[in-house]
Every structure is written in structure tokens, then in C-alpha cells.
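# Inside the fold
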Amino acid sequence: RQLTAIARRNEGYSVFNYLENYREREAAQQQEILLFAAISIVFFSVSVGMIVSSVTRQLNSEGRTIGMLRAVGADEKAILGCYSGRINASVFGGMGICFVFLLLYFLIIFVDAISRGYFLNIELKLFTLLTMTITALGLFCLVVCKFILRFRIREIVSKSIIDNIKEL
């Protein structure tokens, strides 16, 4: 600060603190990572809730169909296979959208860095970290949704076949 004040008083002098700029850049990057983590957690919880409630509504409305499947010999695994495709499509579609937004974000950062004449290795590390985070959260979301779907199907399968076949 004193060097900057002295440089301002004298014409033609300037002081550039690389360490301070590095610390500011690191702090900004940490804030970006925290923001991305918070958004990811919110989207994760909302997506699990939406996917599970959608498939649960479908299971509840198709109780008779499930009863018919059970009557012809379908077990819990076969019924799970019938309804898990929707979960796979939802989760992988959401992951695809996240990857597109991530690529757009880093494309903007890359173009900005090229225009300024430098590209730091930190951006590549951040891109790798965020890619791994999206993949891990997507796979975790898939596992959680399938687990909850299996639990819902077990509730329906625990009833007798006649109860499933009856019309409401």
C-alpha cells in the first residue's frame, strides 16, 4: 500500500502486486466453486424429488397394470425394469444439460483468456473438478432414485395380486 501511494505521487511509476492479484483470483475462484456446489446441491435435491414424485404418480395410476404384470409372472426386478427407463432418461438428460452449461461457461472463460493473451492451468483444473462433480452427483441421483423406486415397487408388490388388479 505504501509503494502504491508513493507510485501515485510520482509520475510514470506503477506498482503491480502479483501475489495480491493471485490471492484475489483464488478467492474469486473459491467463491465460484462454492456457488456451483450450492446450486448443484439444490438442483440435486429438486431433481430427485421431481423424478421420484413423477414415477410414484405413474406407479400409483398404473396399479392395475402392475397387478396384471404380476399375474403373468413378472417379479419385482421386471417391474423395476419397466419403470426405470424414465429415471435413466431424466437423470442423463439433466446431466447433459449441466454439461452444456458448463461447456458454455468455460468457452466464455477460454475466449476471454485468449483475448487477454493468457490461459491458466487453474481453469482446466476447475473444469475437471466440475465435470467430476456433475458426473458423481448424476450417478448418485440415479442410485437414489432407483433405490426409492425399488422401495415404492416393493410397497405395491407386497399387496396381493387381486388388490392390484381391482379397479378403483
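To be clear, the structure that these remarks concern was listed above.
The sections below set out a description of the structure shown in this document. (Residues numbered from 1 in each chain as written. Predicted model: local features only at pLDDT ≥ 70, side-chain atom pairs only at ≥ 80, totals over all residues. Heavy atoms only, no water.)

### A closer look at the packing of helix α3 (residues 63-71) against helix α4 (residues 76-116)
Threshold: What counts as an axis is a line fitted to C-alpha atoms, over the stretch in contact for a helix, and the angles between N-to-C directions run from 0 to 180 degrees. Numbering goes from the N terminus for both helices and strands, where a helix is a DSSP run of H or I of at least four residues and a strand is a run of E of at least two. Orientation is classified from the angle alone, with under 35 degrees giving roughly parallel, over 145 giving roughly antiparallel, 65 to 115 giving roughly perpendicular, and any other angle giving oblique. Here a crossing is called left-handed whenever its near helix is offset anticlockwise from the far helix by less than a right angle, and right-handed whenever the offset is clockwise. Contact definition: two residues touch when any of their heavy atoms are within 4.5 Å. Polar here means any residue outside two lists: the nonpolar Ala, Val, Leu, Ile, Met, Phe, Trp, Tyr, Cys and Pro, and the charged Asp, Glu, Lys and Arg; Gly therefore counts as polar.
At a closest axis distance of 10 Å, the pairing of α3 and α4 adopts a crossing angle of 140°. The angle between α3 and α4 falls in the class oblique. Once α3 is placed against α4, the crossing between them reads as right-handed. Across from Ile 66, Leu 69 and Arg 70 in α3, the residues of α4 making contact are Ile 79, Cys 82 and Tyr 83. For the contact of α3 with α4, the class distribution of residues is five nonpolar, no polar and one charged.

### Let's talk about empty space enclosed by the protein
Left-over empty space is what a probe sized like a water molecule reveals as it rolls over the atoms. Inclusion rule: Put simply, the grid is 1 Å and covers the protein atoms alone, a cavity is a trapped set of points that fit a 1.4 Å probe, a pocket is an open set with protein on both sides within 12 Å along at least five of seven lines, and lining residues have an atom within 4 Å of a point. Grid points are joined across faces, edges and corners, and a volume is the space filled by probe spheres set on the points.
A complete count under the given rule lists one cavity of 30 Å³ or more for this structure. Volume-wise, the largest cavity comes out at about 30 Å³. Those elements that place two or more of their residues in the lining of the largest cavity are α2 (18-61) and α5 (121-157). The element contributing the most residues to the lining of the largest cavity is α2, with four residues. Taken together, the residues that form the lining of the largest cavity break down as six nonpolar, one polar and one charged.

Function cannot be inferred from these measures alone, as they are strictly geometric.
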